[in-house]
Every structure is written in C-alpha cells, then in structure tokens.
Amino acid sequence: MAPRLAVLGPAGTFSDIAAQRYLRQQQLTWQSVYHNSIDQVAASIQNGTEYALLPLENTLDGYVQNTLAILSDADLQVVGEVLVPVRFSLAANATNLAAIKRIYVQFKTKGQCEQILTQLPHAERLTTESNMLSFAKLQDAASGDAAIIPQAQLAALPDTFLKLADVTDTKENYTRFIVVKKAAVPLQQVQPWSSDFRALCYITPQTDHAGLLSELLQVFAQHDLNLISIMSRPTRRELGHYRFFIEIGGHAGQSATLAAAFAQLSPQNQVKYLGSFGK
C-alpha cells in the first residue's frame, strides 16, 4: 500500500498543487488524502497517516502561525519542502465592487490581497479554512456574494459574474510548504548533507535574564551557521515567557557543526530539533 500524504483540501487548493509538485519532484507515488483544516491535516499524523504537508511561510503574509504552533506541540520531523507561486482572483455575483455585500476569504489569503479588500470596506468578511472552500461558496452564491479564489478557478464560474483576474498584492508571491512525518528527532542525529540545507528548531530558555537572546544567537554565529529567521512564540505556560522558532541555513559538511551547536545550547535550554532538508 502506498504511503499517504495528508493535504489541506479539497482538490485544487494551493496545498494540493504543492503536494503534487513535491511528489513529482521526488518521484514518489504517495496517495494524497484531503482534510478540511490544517489542524486536521496535522492530527491525521497521530492517527496513522504517514506524512503531512503543512504551509510554513508566505512571501506577503509571513509564517503560518497555526503551523508554528503544531511544530511546537507535536513530535514531528520535517523531511522536505516545496515552493509554489500563489495568484488570486476575485469573483462575485455582482455587477461591480460596490454591490458586494459579503466576501469569503481564506485566513491566510487576507494578508496577500489587502489592496482589493480595502476597496470593500462595507462588505462582510467571512473567513474560510481553504481557498477552495471560498470557491465552493460561489457555486450557489446569492446576489452580492463574492470570494477571493485561486486564479486557476476563475474560468469555472459563470460569465455573468464580476471577475478580477489578479488581485494579489504583488507579482512575487509564493507559499512554502513542508512535508513532515511523525517522529521526534534526537539532537545528535542531524542528517548529513552533501549540499546546502535548511534546519528548523525550537529553543525554549529555562531561565530569563538580560542578554539571553543575544547569547542564544551567538552560539550559531560561533559555529558559522546562518540564521535565516527567528520567531518568538509564547510557551503558553506563563505570561511573558517565550520560545523561539529558528530556521538555520547550513552548507555541505556542517551537519556535525549544527549538532555541536545544539549540544552547547541544550544544558540551559530545551532544544527541539525539527529536522532538515536539502536546498
């Protein structure tokens, strides 16, 4: 039986496009299984699905907070990534923008189409879990209903609809997805790479003092590891206490160096290594 890949559905979402692209690139014959929310995609890993695809970062709207929370709480190992271009259209059962009464928009899409949304100040915004669910709302749209949908779906709607072909805030808009499996990764088992790689981790300090964050970052600098990004997230144990999601860029032969940096950090911090993937 082919391994299963949990994907945010239904078919046609950017997650679905990313999944198909990843399977082609890796020459895999996994079976895509669709779920209605990112939380359901992640939960499927706990229920026997072998792999899951999660949106990690968008050019315009930054990191997906829901995914960062999932990576913080669950024992998951990142095994790959895939990048897809993201373009949006607006469609409405209306004759002009002023006639739009309510608009369906996916929770991450809002931050990528702010320019068009500011032109609809009186329209009610209804948040959906996926862009294809926004599209589905237009199948039986009442007068005044609108949605921001994947550009590729625009042609499937009636010619009587108002259609704006591209409402994305910028031409350079991409979403980065990661593929994960259920597994905790020991700090000593940083996968060796013969090419450039990215590694992800969470660091939770056990104490708090002035200069703490600088000390953490200096460890990576001392090991000549490039920090791509750092995001603070609440530990959800006590107000004002944070953990740090960090993405690290490394070169061929630096896997052992990364393991050494984790070893240096671990006595005073909880270090959760999330895995790595080649670039």
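See the structure above.
Please read all numbers here as calculations on a predicted model, not as lab measurements. (Residues numbered from 1 in each chain as written. Predicted model: local features only at pLDDT ≥ 70, side-chain atom pairs only at ≥ 80, totals over all residues. Heavy atoms only, no water.)

S.K.: Just to check I follow, could you spell out the packing of aromatic side chains for this structure?
M.R.: Evaluation of the coordinates by the stated rule reveals 6 aromatic pairs. Between F14 and F88, the aromatic rings sit 5.4 Å apart at their centres with planes inclined by 80 degrees, giving edge-to-face as the arrangement. Of this pair, F14 sits in helix α1 (residues 14-26) while F88 sits in strand β6 (residues 88-92), and the two are 74 residues apart along the sequence. The two residues F14 and F88 agree in class, both being buried. Where Y22 meets W30, the ring centres are 6.3 Å apart and the plane angle is 45 degrees; that geometry is what we call tilted. We note that Y22, like W30, is buried. (Phe/Tyr/Trp six-rings, centres within 6.5 Å; stacked < 30°, edge-to-face > 60°. Helix = DSSP H or I, 4+ residues; strand = E, 2+ residues; numbered from the N terminus. Buried < 20%, exposed > 50% of the residue type's maximum accessible area, 1.4 Å probe, protein only.)

S.K.: Teacher, can you tell me more about the pattern of salt bridges here?
M.R.: Should the charged atoms of two oppositely charged side chains come close, the side chains can pair. Under the definition given, this model contains 11 salt bridges. The partner of K171 in a salt bridge is D166, with the nearest N and O atoms 3.3 Å apart. On the accessibility criterion, K171 (63% relative accessible area) is exposed. Three or more residues are tied together by salt bridges with common partners; here these are E57, E81, R176, R198, E247 and K279. (Salt bridge = Lys/Arg side-chain N within 4 Å of Asp/Glu carboxyl O.)

S.K.: Quick question: what am I supposed to make of empty space enclosed by the protein here?
M.R.: Leftover empty space is mapped by rolling, across the atoms, a probe with the size of a water molecule. Scanning the entire structure with this criterion turns up 2 cavities of 30 Å³ or more. Empty space within the largest cavity amounts to approximately 190 Å³. Lining the largest cavity are 19 residues, with P55, Q106, K108, N131 and T175 sitting closest to its centre. Where the lining of the largest cavity is concerned, the elements lending two or more residues are α1, β3 (51-58) and β11 (174-182). For the lining of the largest cavity, the class distribution of residues is 9 nonpolar, 9 polar and 1 charged. Here the second largest cavity is characterised by a volume of approximately 50 Å³. What lines the second largest cavity is A69, S72, D73, R233, P234, R236 and R243. Of all the elements, helix α3 (residues 65-73) adds the most residues to the lining of the second largest cavity, at 3 residues. (1 Å grid on protein atoms, 1.4 Å probe; cavity = no way out; pocket = protein on both sides within 12 Å on 5 of 7 lines; lining within 4 Å. Points joined across faces, edges and corners; volume = space filled by probe spheres on them. Nonpolar A, V, L, I, M, F, W, Y, C, P; charged D, E, K, R; others polar.)

S.K.: Would you mind showing me how to read the nonpolar core here?
M.R.: Taken as a class, soluble globular proteins show a tendency for nonpolar side chains to be buried jointly. In this structure, L5, L53, L90, I100, I103 and I148 are the most contacted members of the largest nonpolar core, which totals 31 residues. Top contributing element to this core by residue count: α1, with 5 residues. Discounting chain neighbours no more than four positions away, the residues touching I100 are L90, A92, A94, L120, A123, G144 and A146. Membership of the second largest hydrophobic core comes to 24 residues, among which are V64, I70, Y202 and L274. (Core = buried A, V, L, I, M, F, W, Y, C linked by side-chain atoms within 4.5 Å. Contact = heavy atoms within 4.5 Å.)

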